[in-house]
Amino acid sequence: MKQLKRILLILIVIAVGYGVSYVWRALPILTGYGAKMMCSCTMVAGRNEADVFKNELGTFPLSKGTFHADYTDSSATGSVLGLAKQKAIYRKGLGCTLLSEMSEEDLRSQKFIVTSPPLVNQDTIMWPLGNKLPDTLPTGVNYEKIKAVLDEAFSEPGSNKRRRTRSVIIVYDGNIIAERYADGFNQHSKQIGWSISKSLTNALLGILVKQGKLQRDKPAPVEAWQNDERKKITLGNLMHMSSGLRWEENYGGPSDATNMLYKEKDMGGFAASAPFNVLPETEFKYSSGTSNILSLIIRNTVGDAHYHSFPATELFYKIGAYSMVMEPDPSGTFVGSSYAFGTARDWARFGLLYSNNGNWNGEQIFSKEWVTYTTTPAPAAPRGEYGAQFWLNAGAKDNPSNRYYPDVPTDLYWADGYEGQNIFIIPSKKLVVVKLSLSQGEYLDDNAFLSGIIEALK
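No experiment lies behind these values; they were computed from the predicted model shown.

Chemist: Explain the pairing of strand 2 (residues 75-80) to me, please; I cannot follow it from the model alone.
Modeler: Remark: a regular strand shows side chains that alternate across the two faces of the sheet. The buried fraction of strand 2 is high, at five of six residues. Across five bridges, the pairing between strand 1 (residues 66-70) and strand 2 is antiparallel. Of the residues in strand 2, the one forming a bridge with Phe67 is Gly78. In this antiparallel pair of consecutive strands, strand 1 and strand 2, the connection spans four residues, and Ser74 shows a positive phi of 55°. Here five bridges tie strand 2 to strand 3 (residues 83-91), and the two strands are oriented antiparallel to one another. Counted as the bridge partner of Ala76 is Ala88 from strand 3.

Chemist: Where do I start with unusual backbone geometry in this structure?
Modeler: With the exception of glycine, most residues fall at negative phi, and the peptide bonds are largely trans. Note the cis peptide between Phe60 and Pro61, where omega equals 5°. Positionally, Pro61 belongs in the loop between helix 2 (49-55) and strand 1. Positive phi is not limited to glycine here, since Asn357 has a value of about 60°.

Chemist: Help me out: how do you make sense of helix 7 (residues 256-263) in this one?
Modeler: For the α-helix, the turn length of 3.6 residues means that residues three or four positions removed from each other point alike. With six of eight residues buried, helix 7 lies mostly within the body of the structure. Among the residues making up helix 7, those that are buried are Ala257, Thr258, Asn259, Met260, Leu261 and Tyr262.

Chemist: Whenever I open this one, the pattern of salt bridges confuses me. Can you help?
Modeler: Opposite charge on two side chains permits them to pair, given that their charged atoms come into close proximity. In total, this model carries 19 salt bridges according to the counting rule given. Of the charged contacts in the structure, one is a salt bridge between Asp228 and Arg230, with a shortest N-O distance of 2.8 Å. One salt bridge in this structure joins Asp346 and Arg349, with 2.6 Å as the shortest N-O distance. Taken together, the positions of Asp346 and Arg349, both in helix 12 (residues 344-355) and three residues apart, correspond to about one turn of that helix. Each of the two residues, Asp346 as well as Arg349, counts as buried. Each member of the salt-bridge network shares a partner with another, and the members are Arg47, Asp51, Glu56 and Arg166.

Chemist: Looking at this structure, I do not really get the packing of helix 5 (residues 196-210) against helix 12. What am I missing?
Modeler: In a pair of packed helices, the angle between the axes and the distance between the axes together describe the arrangement. Relative orientation of the contacting elements helix 5 and helix 12 amounts to 45°, with a least axis distance of 12 Å. When the interaxial angle is binned, helix 5 and helix 12 end up oblique. The chirality of how helix 5 crosses helix 12 is left-handed. In this structure, helix 5 contributes Ile196, Ser199, Leu200, Asn202 and Ala203 to the contact, and helix 12 contributes Trp347, Phe350 and Tyr354.

Chemist: Please clarify how the sheet that holds strand 8 (residues 325-326) should be interpreted in this entry.
Modeler: If you walk across this open sheet you meet the three strands as 7-9-8, and the pairing is antiparallel. If you trace the sheet from one side to the other, it starts and ends with strand 7 (191-192) and strand 8, each paired once. Sheet analysis places strand 7 next to strand 9 (residues 340-342), joined by two bridges and oriented antiparallel. Looking at strand 9, one finds that Gln191 is bridged to Gly342.

Procedures and definitions
The residue numbers shown here count from 1 along each chain, following its written sequence. Predicted model: local features are reported for residues with pLDDT of at least 70 only, side-chain atom pairs are reported and counted for 80 or more only, and whole-chain, interface and lining totals are derived from all residues. Side-chain metrics in this entry use all non-hydrogen atoms of the structure; hydrogen atoms and water are not considered. Per-residue accessibility, obtained with a 1.4 Å probe over protein chains only, is compared with the maximum for each type, and a residue is labelled buried under 20%, exposed over 50%, and partly exposed between these values. Only runs of H or I of at least four residues qualify as helices and only runs of E of at least two qualify as strands under DSSP, and these elements are numbered from the N terminus. Only strands joined by at least two bridges in the DSSP assignment are considered to pair. Note on definitions: salt bridges are taken to be side-chain nitrogens of Lys or Arg within 4 Å of carboxyl oxygens of Asp or Glu. Between N-to-C directions, angles cover 0 to 180 degrees, with each direction set by a line fitted to C-alpha atoms, over the stretch in contact for helices. When an angle is under 35 degrees it counts as roughly parallel; over 145 it counts as roughly antiparallel; between 65 and 115 it counts as roughly perpendicular; any other value is oblique. Each crossing gets its handedness from the near helix: less than a right angle anticlockwise from the far helix is left-handed, clockwise is right-handed. Throughout, a contact is declared for two residues whenever any of their heavy atoms are within 4.5 Å.

Listed below in structure tokens is the structure:
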């Protein structure tokens, strides 16, 4: 009996110790997430603090934290009962950066060259370069059906887990044929794209490949890999999420992904330190770390004299996406996996660029071949579900019906954010559909959503 009690006591001590250890590791992630979101949603997106706390930070366990925006020094803080305090700093043109492994003084002293948007009144310029829309809509579209699809997209099923669609834009044959916003949002509202950012990273790499500065079939230029097995990894392996690096993409607690986003100064460097696990192109493993390695490669290729203006001057401003903001980590590298904000119309412009095979108003921003490469299934993706930093609806090689959206054409590809942010591109239907949400547990049925839009075009 005494021995049994001793064993139980030991087990209790182990359990308590593990619990304390887990909380100690998890709290900085929770408070870091909250501080970063409060900063970006107030300072970048221009929303009020109470609304951000209610929506982005209102579910457990985030609801147990304390998060405040401070407009006097353009920052936001987060803590839980005064513990694990984290702070994010806003800088014009760069958005918000969480203070991880860096002092506030050092972060604020960084000097990066950022190009401001041109002084253009887009309301006087026709879509897509501007925001002025034609007085009439294209004929041959069942607008009642479109309305019914939008009504469903903006409805709530009634459960505690909410869909919360905030914006939908439907672009057909280059024209906006439908656009709707939830209360509190409009065409000027900047919204986070989360992992849509990975597809921005694709575009920036496509530009560098077109300029002859990178080659997708050559070994990835990562200095730390040159003396071990990782030197086999090509840029294309990284693009395919098939690098063979060991990585845990789990947002339910401490993991490689959450530690990278909320504890690390140099996210790309942290991800690049991951050990070699399997041969490249033998295992498809979705990894935000991979996208941040790619982002670091972009920085090293461009050089700091031009890097922080590069997305704007080479991509965003060329397509009229003047609202777009990519946010850097403390080291100054854009968080190419996760942190980008833009209006729904600017996300639609980005999708339209791909729909036009990289051509915008006569300028080839990245090559048509790059779009073909982007939309070709990665060899290790079993259902043909992933290309190069975009998701695909191609289906399994031997069974195309085995795909994510069975009622949508197989040429569909899309940029995807984890709370229901999507840019859907269907070339065969001349369609680009943007949907921005804050879904948590109750996602829209995108198969029915997209097939309903397609039906309206018949």
